[in-house]
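Examination of the molecular architecture
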Amino acid sequence: MRRGSPLHDQLFKTLHNFDGDYIRLVPWRPYPKLAVAELDPPHDGKTSWDFSGMDPILADFMEATSGHPVIMNISTIPQWMFKTEKPVAYPSDPDEIFWDYEQGTELRDPSGKEVADYWARVVSWYTKGGLTDEYGKWHESGHHYKFAYWEVLNEVEFEHNMTPEFYTPLYDAIVTEVRKVAAEMKFVGMALGPSGPLTQPKWFEYFLDPKNHKPGIPIDAFSYHYYCQPCPENDAPPETMAYSMFPQATGFVNVARYIEAIRQRLAPQAMTMVDEIGTIYPDAQIPEKADTIPNSYWNASAAMFAFVYPQLAKLGLNVLHHSELIDYPGQYPGTTLVNWNTGQPNARYWVLQLLRDNFLPGDKLVESGVQFEDPKIRNSPPTPQYVYGQAFLGRNQTRKVLIVNKRDRPFEIIVPNGDGAQIEYVDQLTASNPPAKSQIKGDRFTLNGFGVAVVTLKN
């Protein structure tokens, strides 16, 4: 995403063309020079404030998302604010992946005020035209951006091994200081990593309980993440993806239902954001193994997101994100929405765009009446456990059905009174191309393996 990258223009064009609300930017810990604005502590009247790595990416992001509310999460606390046996060095190359930057579990200022002041200065830099440093010197930025939400830190149960009791007062301290700079901005709490929702319900019970916050601190929204493991056992062949991925996703929907019950009891006013949803292909962090990801994986991952999307919408969740615009070998390449060599959107992106274009806030989720048959077995009984369908009634009375094939083989989709209905679909034949279109002749069509289709019925 850096200027000068051969993918830069393509990435931001894709971001702009998506035309979505609440897109989230997260400069994060493996790149200290791109994620931390003050890498060294103030000393002898001098500071190390430097936004030269962060500014271009953030500026291009804001231009690409112009006209839409965004979520900003500059997530990494300067390492020197934590107690460690010795200072933590960081690479001079801003592009070098460095996983060991975050160390320590105890702040050198236990009140959290030092951390809170840092974030207030970062927000001032981007929203008020500059910042006043620790010695009273003004640093001009010229930025006057508007962020709808500021997400307070990222995957907090993992980064620095925070507990709810540690994070919640730190959240309060940060919100207190940032509100002095941007009184109109709202906040997202926690951004729990994948382990949090599945194994640590205490986070939701503690953070969402107003009695654990200082008076007047808002709980505008809270967030958590979900990543499915397509092959939970690293030696499992890719052919097993369908049999592990979708049961995992069903389990996650049940977890989300439980979390919503906690929210409704403790913080009914808070928005729920699952602002990272994706799949992680095993061993793909090892650069030389990234090319072993099978082509079917991208469609399976896309189908998983399309499968959980309407179910989470039924629960009343407000914002869902599909991770992530760009990733690549050495990071988590299986989460990318575009090809890391060419910038071309893959099936994961095109399914996301398909959902974005067809289903709008205010649409109602209704029964579909759609059935499915296995073409290998003539007159086979309906097999809803292999194919998922959800109907939507639009505000203008349009009738659409989302259909997801959870298996890597074709099924015949039976649509009552579907003759002449339009189909938009993404499958392994469309691959990295935009959704294909066709029409139903009669009352049925074939949906290929891991295919995702939207059927628009005639009124």
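Here the structure is shown first, and the text comes after it.
Summarised in this report is the structure supplied together with it. Being a predicted model, the structure only gives us computed values, none of them experimental.

It is worth spelling out the side chain of Glu-424 at this point. Here Glu-424 is to be found in strand S15 (residues 422–426). In this structure Glu-424 is buried but unpaired, with Lys-437 as the nearest side chain of opposite charge at 4.3 Å. Polar side-chain contacts of Glu-424 include one of 3.4 Å to the side chain of Asn-358. For Glu-424, the residues in contact, after removing those within four places along its chain, are Leu-354, Asn-358, Ala-436, Lys-437, Val-452, Ala-453 and Val-454.

What follows is about the pattern of salt bridges. Within the structure shown, the criterion is met by 17 salt bridges. In this structure, Glu-151 and Arg-24 form a salt bridge, with 2.6 Å as the shortest nitrogen-oxygen distance. Here Glu-151, found in strand S5 (residues 149–151), pairs with Arg-24, found in strand S1 (residues 23–25); they are 127 residues apart in sequence, far enough to count as distant. Accessibility classification places Glu-151 together with Arg-24 in one group, the buried group. Via salt bridges that share partners, Arg-24, Glu-151, Asp-275 and Glu-276 belong to a single interconnected network.

Counting 123 residues, the largest nonpolar core has Trp-119, Val-122, Trp-150, Tyr-167, Phe-204 and Tyr-224 as its most contacted members. With sequence-adjacent residues up to four places away left out, Trp-150 is seen in contact with Met-72, Ile-74, Trp-119, Val-122, Val-123, Met-185, Lys-186, Phe-187 and Val-188. Ranked by size, the runner-up nonpolar core spans 17 residues in total, among them Ile-403, Ala-421, Ile-440 and Leu-447.

Among the 11 residues that make up helix H3 (residues 54–64), nine are buried, leaving the element largely enclosed by the rest of the structure. Among the residues of H3, those classed as buried are Met-54, Asp-55, Ile-57, Leu-58, Ala-59, Asp-60, Phe-61, Met-62 and Ala-64. On the buried face of H3, the contacting elements are helix H1 (8–18), S1, helix H2 (32–35), strand S2 (70–72) and helix H4 (113–127).

Quick look at the packing of aromatic side chains now. Summed over all chains, the structure comprises 32 aromatic pairs. Taking 4.7 Å as the distance between ring centres and 70 degrees as the angle between the ring planes, the aromatic pair formed by Tyr-118 and Trp-119 counts as edge-to-face. Given a relative accessible area of 1%, Trp-119 falls into the buried group. With centroids separated by 4.9 Å and ring planes inclined at 85 degrees, the aromatic side chains of Tyr-171 and Phe-207 adopt a geometry described as edge-to-face. Separated by 36 residues along the polypeptide, Tyr-171 in helix H5 (residues 164–181) and Phe-207 in helix H7 (residues 202–207) bring together distant segments of the chain. By relative accessible area, Phe-207 is classed as buried at 0%. Here the aromatic residues Trp-49, Phe-51, Tyr-118, Trp-119, Trp-125, Tyr-126, Tyr-145, Phe-147 and Trp-150 are joined through ring pairs into a cluster of three or more. Just above the ring of Tyr-386 sits the side chain of Arg-409; from NZ or CZ to the centre is 5.6 Å.

A few words on the sheet that holds strand S10 (residues 364–366). Ordered by their spatial adjacency, six strands build an open sheet running S10-S12-S13-S18-S15-S16, and the pairing between neighbours is antiparallel. The sheet is open, and its two borders are formed by S10 and strand S16 (436–439), each paired with just one other strand. Strand-to-strand, the axes of this sheet are offset by a mean angle of 25 degrees, without reference to chain direction. Across the face of the sheet, helix H9 (residues 295–314) comes into contact with S10, strand S12 (387–393), strand S13 (399–405), S15 and strand S18 (452–457) while running at roughly 50 degrees to S12.

Here Gln-331 shows up in the loop between strand S9 (319–322) and helix H10 (347–358). Of note is the side chain of Gln-331, whose polar atom sits 2.8 Å from the side chain of Tyr-31. Not counting chain neighbours up to four residues away, the residues in contact with Gln-331 comprise Trp-28, Pro-30, Tyr-31, Ile-97, Trp-99 and Gln-285.

Moving on, we get to the pairing of strand S6 (residues 186–192). Extensive coverage of S6 is indicated by the burial of six of its seven residues. Where S5 lies against S6, three bridges are found, and the strand directions are parallel. By the bridge assignment, Trp-150 is partnered in S6 with Phe-187. Viewed along the sheet, the connection from S5 through H5 into S6 turns out right-handed. Here three bridges tie S6 to strand S7 (residues 221–228), and the two strands are oriented parallel to one another. Residue pairing in the sheet places Leu-192 in a bridge with Tyr-224 of S7.

The rules behind these values
Residues numbered from 1 in each chain as written. Predicted model: local features only at pLDDT ≥ 70, side-chain atom pairs only at ≥ 80, totals over all residues. Heavy atoms only, no water. Helix = DSSP H or I, 4+ residues; strand = E, 2+ residues; numbered from the N terminus. Buried < 20%, exposed > 50% of the residue type's maximum accessible area, 1.4 Å probe, protein only. Lys, Arg positive; Asp, Glu negative; His and termini not counted. Salt bridge = Lys/Arg side-chain N within 4 Å of Asp/Glu carboxyl O. Polar contact = N/O pair within 3.5 Å; in protein donor to acceptor, adjacent residues only side chain to side chain. Contact = heavy atoms within 4.5 Å. Core = buried A, V, L, I, M, F, W, Y, C linked by side-chain atoms within 4.5 Å. Phe/Tyr/Trp six-rings, centres within 6.5 Å; stacked < 30°, edge-to-face > 60°. Lys NZ or Arg CZ within 6 Å of the ring centre and 35° of its normal. Pairing = 2+ DSSP bridges. Axes fitted to C-alpha atoms, helices over the stretch in contact; angles between N-to-C directions. Right-handed = clockwise from strand over helix to strand, strands pointing away.

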